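# Chain and residue survey
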Amino acid sequence: MTIKLNKLFKSASLLSVLVIALAGCGNNNTATPAATDANTGNKPAETAAADNSLEQIKKAGKIRIGLMGTYAPYNFLNEKHEIDGFDADVAKAVAKRIGVEAEFITGEFSGLIEGLQKDKYDALVSQVTITDDRKKTMDFSTPYIKNAVNVIVKSDNTTIKSLEDFKGKKIGVGLGTNDEKYLRDEAIPKVGKFEIATYNDVITSLKDLNVGRIDATINNTFAIQPLVEKNHFNVKAVGEPIKEDFAGIAIRKNNPELLDAINKALDEMKTDGTFKEIFQKWFNVDPNI
């Protein structure tokens, strides 16, 4: 079996690091909610948590990071069964500068945002795309990566060359992701009706594409490359990136101290070379922002 992505990957490295916020399988990890400040009384958990998350995080000595854990090279379990990847390294470096440790809690992407609102996590570092709709319910750090998304089809497919060819086809996408919203709100009105199949992880969508259960998917070619090579999927990316987005670290609203601390940490990482080192480690290119 042959893989047709190599040429595109080489081109993509000169453009942008791409991403989809595809969902991953969760595990049974749970976290104890951050301690409530003494003067919050009997406030609801969400209100109390919003008073000063940074102070609570420092008291606990850890920041609870929500991520998928199944989305290499961004976040995944390595051979030692530890959370690893670009997002994980960014989160650990940010936590270090805040003066705490990063505690990783995995979950399906479709449930990460709800988990953040319910105080299961202190922050999400899982390629969460910054959008105006999401800004209404959470705050974002300055972007730490620019992402582009491509159309992915079977290697022998000659009928789908771009987004405009989706009409009447069955297209796979990550459940609850910004890409799903893009297909429903922008692509269908633009190109005509097509069927959308949603997935909780990348590997299942690629398996379905490989055997012909779906006609195409949209995804980050850097993200799917490890899965394609490992599983020998006969798929290829076609056309130019259909869109570009920015991802940031997401936190609950009304926590200016925590947001400032995260942004300060990211700025320091970019200044002292830490961010460049992490970026080159995982993508073999300089940072794209």
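What this report covers is the structure whose coordinates are included nearby. Treat the numbers as computed from the prediction; the structure is a model and nothing was measured. (Residues numbered from 1 in each chain as written. Predicted model: local features only at pLDDT ≥ 70, side-chain atom pairs only at ≥ 80, totals over all residues. Heavy atoms only, no water.)

The tally for this structure, following the rule as stated, stands at 11 aromatic pairs. Through a chain of ring-to-ring contacts, three or more aromatic side chains come together here, namely Y71, Y74, F86, Y144, F275, F279 and F283. Here the guanidinium or amino end of K243 rests over the ring plane of Y182, the centre of that ring lying 5.4 Å away. Positioned above the aromatic ring of F275, the side-chain terminus of K270 is 5.7 Å from the ring centre. (Phe/Tyr/Trp six-rings, centres within 6.5 Å; stacked < 30°, edge-to-face > 60°. Lys NZ or Arg CZ within 6 Å of the ring centre and 35° of its normal.)

In this section: helix α8 (residues 202-211). By the burial criterion, the buried members of α8 are V202, S205, L206, D208, L209 and N210. Those residues of α8 hidden inside the fold are in contact with β2 (70-71), β8 (145-154), β10 (195-199), β11 (216-219), α9 (221-231) and β12 (235-252). Where α8 ends, the next residue or the one after it, G212, has phi of about 90°, a positive value. (Buried < 20%, exposed > 50% of the residue type's maximum accessible area, 1.4 Å probe, protein only. Helix = DSSP H or I, 4+ residues; strand = E, 2+ residues; numbered from the N terminus. Contact = heavy atoms within 4.5 Å.)

To continue, consider the pairing of β10. As defined by bridge partners, strand β9 (residues 170-174) adjoins β10 across five bridges and the pair is classed as parallel. In the sheet register, I171 faces β10, and the bridge partner there is I196. For the handedness criterion, the β-α-β arrangement of β9, helix α7 (residues 178-191) and β10 is classed as right-handed. (Pairing = 2+ DSSP bridges. Right-handed = clockwise from strand over helix to strand, strands pointing away.)

Moving on to helix α3 (residues 53-60). Those residues of α3 lying buried are S53, L54, Q56 and I57. For α3, the arc enclosing every buried residue in end-on projection is 165°, short of the 170-degree limit, so these residues lie on one face. Where α3 terminates, the next one or two residues include G61, which has phi positive at roughly 80°. (Arc of directions from axis to C-beta.)

Let us now look at the environment of F140. Mapping F140 onto the fold places it in strand β7 (residues 138-140). F140 has contacts with V128, T129, I130, R134, K135, G248, I249, A250 and L259, leaving out every residue within four places of it along the chain.

That is the geometry; function is a separate question.
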